[in-house]
Amino acid sequence: ITNIGDSLELRTFCHENGHMLCDFPDLYDHGSQSYGVGNFCLMANGTSSRQPCKVSGYLKWKAGWAGTVTELINPTTVNMSFAAANNDVVICRSMPGATEYFVVENRYQAGWDQYLPASGLAIWHVDQSGNNSYNQMTPEFHYECSLEQADGQWHLEHKVNTGDAQDLFYAGNNTSFRTLTTPNSLWWNNAISGLSIRNISAPGAVMTASITVNGVPTAN
């Protein structure tokens, strides 16, 4: 139920149906101490009331809505191509069945996503035992799904804004996500995940990047 006001607004209807039909969790902070994943997912702020954005790659994958799904576990290096319209995702885990992992997708400002703060690669850090009301960013208290903000400012967790143009990865902003970068690819307990994403392309309907799992940590 929502207050329609003087025009039809879809965001609340879509958000609540995400709960009822897909069992999606809220990805905003119930205590209003932070902005969760802000304007990058329908299950948080969801951008426009009349044309809300899509759900995050994490929830697309959970619902079976992702296009090409590439799961990387064993040591490997691959050159990936991400088509935003196809909802392509890459899942990076330490072992099969691990409940903490990274999800990578291309978000492009078009269609339902036209009101996103930016276009670029979204890197989601997922821990299914977390909760998006936990904005402390500690091993014990952290989000279920957090956006690795490319500028390393953590504006979403600190309740500065609901997302800005520097939060996604793309050429001209930040093109590397590794062990010693800011932000970094460590697990929440500060263990090395071995994930390295580099050579991230310019934003577009199709983006490319080189991804290594279980690689040797370097500074760039």
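Rules and cut-offs
- Position numbers for residues start from 1 in each chain and track the written sequence from start to end.
- For a predicted model such as this one, the threshold for reporting local features is a pLDDT of at least 70, and the threshold for listing and counting side-chain atom pairs is 80 or more; totals across whole chains, interfaces and linings nevertheless cover every residue.
- As a rule here, side-chain values cover all heavy atoms of the structure and leave hydrogens and water aside.
- A helix here means a DSSP run of H or I that spans at least four residues, while a strand means a run of E at least two residues long, and both kinds are numbered starting from the N terminus.
- Based on C-alpha atoms, the radius of gyration is set beside the globule rule, defined as 2.2 Å times the residue count to the power 0.38.
- Exposure classes here rest on a 1.4 Å probe applied to the protein chains alone. A residue is buried below 20% of its type maximum, exposed above 50%, and partly exposed in between.
- Here, residues are in contact when the closest pair of their heavy atoms is within 4.5 Å.
- Residue-level accessible areas treat just the shown protein chains as cover; the underlying method is Shrake-Rupley with a 1.4 Å probe.
- Per-residue confidence from the predictor is reported as pLDDT, which spans 0 to 100.
- In this scheme, strands are said to pair when DSSP sees at least two bridges between them.
- Angular values range over 0 to 180 degrees, each being the angle between N-to-C directions of two axes fitted as lines to C-alpha atoms, with helices fitted over their stretch in contact.
- Expected helix span is given by 1.5 Å per residue-to-residue step, counting one fewer step than there are residues.

Draft legend 1. Layout of the overall build of the protein. Scanning the protein from N- to C-terminus turns up 2 helices and 8 strands. Secondary structure elements of the protein occur, N-terminal to C-terminal, as α-α-β-β-β-β-β-β-β-β. Relative to the compact-globule value of 17 Å for 220 residues, the protein shows a C-alpha radius of gyration of 16 Å, a close match. Along the first, second and third principal axes, the C-alpha atoms of the protein reach 55 × 35 × 30 Å. Counting every position in the protein, which comprises 220 residues, the buried fraction comes to 51%. Within the protein, residue pairs in contact and separated by at least 24 positions form 52% of the contacts whose partners lie at least 6 positions apart. Of the roughly 9700 Å² of accessible surface on the protein, a fraction of 50% belongs to carbon and sulfur atoms.

Draft legend 2. Structural detail: unusual backbone geometry. Omega for the peptide link from Thr182 to Pro183 comes to -5°, which places this bond in the cis form. When you line up the elements, Pro183 lands in the loop between β6 (145-147) and β7 (196-198). Here the phi dihedral of Asn199 falls at roughly 55°; this positive angle occurs in a residue that is not glycine. Summarising the element assignment, Asn199 is placed in the loop between β7 and β8 (206-213). Residue Asn199 is classed as exposed on the basis of its relative accessible area, which comes to 57%.

Draft legend 3. Local environment of the confidence of the model for the protein. Taken as a whole, the protein shows an average pLDDT of 93; of its residues, 96% reach a score of 70 or greater. Every residue in residues 216-220 is under pLDDT 50, and counting partners more than four places away or in other chains gives 8 contacts.

Draft legend 4. Region of the structure containing the sheet that holds β7. On the basis of which strands lie adjacent, the open sheet formed by 3 strands has the order β2-β8-β7 and antiparallel pairing. In this open sheet, the two edge strands, each paired with only one partner strand, are β2 (76-83) and β7. This sheet shows a mean twist of 25° between the axes of neighbouring strands, independent of strand direction. Bridge count for β2 against β8 is 8 bridges, and the pairing is antiparallel. Pairing of Phe82 across the sheet is with Met207, part of β8.

Draft legend 5. Fine view of the sheet that holds strand β4 (residues 100-107). With mixed pairing, 5 strands are arranged side by side in an open sheet as β1-β3-β4-β5-β6. At either end of the open sheet lies a strand with only one pairing partner, and these are β1 (69-72) and β6. Across the sheet, the mean angle from the axis of one strand to that of its neighbour is 20°, orientation sign disregarded. In the sheet, β1 pairs with strand β3 (residues 89-92) via 4 bridges, with the strands oriented parallel. For Glu71, the partnering residue across the bridge sits in β3 and is Ile91.

Draft legend 6. A look at the pairing of β4. The buried fraction of β4 is high, at 8 of 8 residues. Alternating residues of β4 divide into Glu100, Phe102, Val104 and Asn106 and Tyr101, Val103, Glu105 and Arg107, and every residue in both groups is buried. As judged from the 4 bridges shared by β3 and β4, these two strands associate in the antiparallel manner. Paired with Cys92 across the bridge in β4 is Phe102. Pairing geometry for β4 and strand β5 (residues 120-127), over 8 bridges, is antiparallel. When the sheet's bridge partners are listed, Phe102 is paired in β5 with His125.

Draft legend 7. Representation of helix α1 (residues 11-22). With 12 residues, α1 ought to run about 16 Å at 1.5 Å a step, and its terminal C-alpha atoms sit 16 Å apart, in line with that. Count one or two residues on from α1 and you reach Asp23, which has phi positive near 60°.

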